[in-house]
Each structure stands twice: as C-alpha cells, then as structure tokens.
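Below, each chain spelled out in residue letters.
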Amino acid sequence: MEQLQRLPGVGPKTAQRLALHILKRPEAEVEALAQALIEAKKQIGLCKECFHLSAEPVCEICRNPSRDNSTICIVADSRDVIALEKTREYKGKYHVLGGVISPLDGIGPEQLTVQALVRRVSQQKPKEVILAISPSVEGETTTLYVGQLLKPFTKVTRIAFGLPVGGDLEYADEVTLARALEGRRELD
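Anyway, here's the lowdown on the structure attached to this text.

### Observations regarding the overall build of the protein
The helix and strand tally for the protein stands at eight helices and six strands. Along the protein, from the amino end to the carboxyl end, the secondary structure elements read α-α-α-β-β-α-β-α-β-α-β-α-β-α. When its C-alpha atoms are laid out on the principal axes, the protein stretches across 55 × 45 × 40 Å. With 188 residues in all, the protein has 30% of them scored as buried. Only carbon and sulfur atoms are counted for the fraction: they give 57% of the accessible area of the protein, which is about 13200 Å². Distance between charge centroids for the protein: 5 Å, based on 25 positive and 25 negative side chains.

Next up, the structure:
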C-alpha cells in the first residue's frame, strides 16, 4: 500500500483498495502486471525531436508525414499531448517542455526542454507556435517566458480559456469569466 500511495492521485483508501484487489488476483495476472510495468519503464523514453513519450527514438507523431510541419503546439507534458490528440482537431506537431517553470519547486527553464525548443523553432521556422499550457501561476509564467523567446522567430499564439461545456456562469470564478470574455469570437 505504501508503494501504491506514491502514485499521483492515489490516497490511502485507494492504495488499500488496489493492494487488496491485486492480492485477490491470480499470481499469473500479478506477474503480468509487474512485468508490464518493468518493460514499460525499460522501453519507453522521450522522442528526440518533441520529447513526447515514445518507444522509438522518434515518436509516431513526429514520424507521421501527414502531420502539418508549419505548426508546433507547446505543452507541459505528455498527458497534454494525449488530451489534445483525443480531440482529433490538431494536425500539427508538438513540443513537450517536461513541466512548467516553478521557482518554489526549484524548476527553472534549464530543467525543461526550452533551449531545445528555441533551437527547433529557429531551425524549422514554423508559421506558428501554439502555447497550450494550463493557466496556473506557473503555467502563465512559463507561457510568457517561452512566448518572449519564440516571438523573434515566428507567430506565437495561445489556446483560449473559458467556460467548460455544460458549466454555469454563476459557478465560474472571476479569472475564468474574464478569460472567457477575452477569448470571445464572432458567431459563424
């Protein structure tokens, strides 16, 4: 249970529930799970171009010739790539920073893939980079920092923020409402 509790989002009760479930499973199933975890850790690394998780030196997205090379979407980590890919809306390439700038946690631009991004953008000269980083304090800092570095090379945009579908205005916080107003657009 102690080891399971180290996983993000797993508290004591969930860890206990998972541990008890694993103990009830047949030994072959538990061994298969353990082996799958070990193999994933050994085989999965980072794409040398975009830094997304990959079992190959260059990930499937970067290798795909039908992807649009004129846009690069910058995200904090691979979970963001997965979320954006689920929409099936974005057809360009990605760049995973590996986190956000957070001085309190000892994370500066040097701990992220910022220099590799600047080098990539200056060499590949995409028409646009899209900053798709969550709007936390650290995310805003990262967005502003990276945006300033990339502006000399290309057009820099950021994703819009606003209200979730099905959300009520009365329950939205002031920052979310302000962003929703800022990001408004004309009806089609």
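### Observations regarding the packing of aromatic side chains
One pass over the structure, following the stated rule, counts one aromatic pair. Relative to Y94, the ring of Y90 has its centre 5.1 Å away and its plane inclined at 65°; by these criteria the two rings are edge-to-face. Under the relative-accessibility criterion, Y90 is labelled buried at 14%. A relative accessible area of 1% means that Y94 is categorised as buried.

### Some points on the sheet that holds strand 3 (residues 68-75)
The parallel open sheet is built from four strands, whose spatial order is 4-3-5-6. Looking along the sheet, the strands with just one partner apiece sit at the ends: strand 4 (92-96) and strand 6 (155-158). Averaged over neighbouring strand pairs, the angle between their axes works out to 25° when direction is ignored. Of the pairings in the sheet, the one linking strand 3 to strand 4 comprises five bridges and is parallel in character. For D68, the partnering residue across the bridge sits in strand 4 and is G92. The strands touched by helix 5 (residues 78-87) are strand 3 and strand 4; relative to strand 4, the strand with the most contacts, the crossing angle is about 160°.

### Here we look at the pairing of strand 5 (residues 128-131)
Here strand 5 shows a buried face lined by E128 and I130 and a second buried face lined by V129 and L131. By the bridge criterion, four bridges tie strand 5 to strand 6 in an arrangement that is parallel. Across the sheet, the residue bridging to I130 is T157, located in strand 6. In this region the chain leaves strand 5, passes through helix 7 (residues 137-150) and returns to the parallel neighbour strand 6; the handedness of that crossover is right-handed.

### Section: the environment of I130
Secondary-structure assignment places I130 in strand 5. Note: C-alpha distance between I130 and G92 (38 residues apart in sequence) is 10.0 Å. If we skip the residues at most four places from it in the chain, I130 touches I72, C73, I74, Y90, T157 and I159.

### A few points about the side chain of S102
Within the secondary structure, S102 sits in the loop between strand 4 and helix 6 (114-124). By relative accessible area, which is 3% here, S102 ends up buried. Among the polar contacts made by the side chain of S102, one reaches the side chain of D105 at a distance of 2.9 Å.

### Topic: the packing of helix 6 against helix 7
At their nearest, the axes of helix 6 and helix 7 sit 10 Å apart, and the two run at 30° to each other. Judged by the angle between their axes, helix 6 and helix 7 are roughly parallel. In the packing of helix 6 onto helix 7, the handedness of the crossing is right-handed. From helix 6, V114, L117, V118 and V121 reach across to helix 7, where they touch Y145, V146, L149 and L150.

Cut-offs applied
- Residues numbered from 1 in each chain as written.
- Predicted model: local features only at pLDDT ≥ 70, side-chain atom pairs only at ≥ 80, totals over all residues.
- Heavy atoms only, no water.
- Helix = DSSP H or I, 4+ residues; strand = E, 2+ residues; numbered from the N terminus.
- Buried < 20%, exposed > 50% of the residue type's maximum accessible area, 1.4 Å probe, protein only.
- Areas by Shrake-Rupley, 256 points an atom, 1.4 Å probe, with all protein chains shown as cover.
- Lys, Arg positive; Asp, Glu negative; His and termini not counted.
- Charge placed at Lys NZ, Arg CZ, Asp CG, Glu CD.
- Phe/Tyr/Trp six-rings, centres within 6.5 Å; stacked < 30°, edge-to-face > 60°.
- Pairing = 2+ DSSP bridges.
- Axes fitted to C-alpha atoms, helices over the stretch in contact; angles between N-to-C directions.
- Contact = heavy atoms within 4.5 Å.
- Right-handed = clockwise from strand over helix to strand, strands pointing away.
- Polar contact = N/O pair within 3.5 Å; in protein donor to acceptor, adjacent residues only side chain to side chain.
- Parallel < 35°, antiparallel > 145°, perpendicular 65-115°, else oblique.
- Left-handed = near helix turned anticlockwise from the far one by under 90°.

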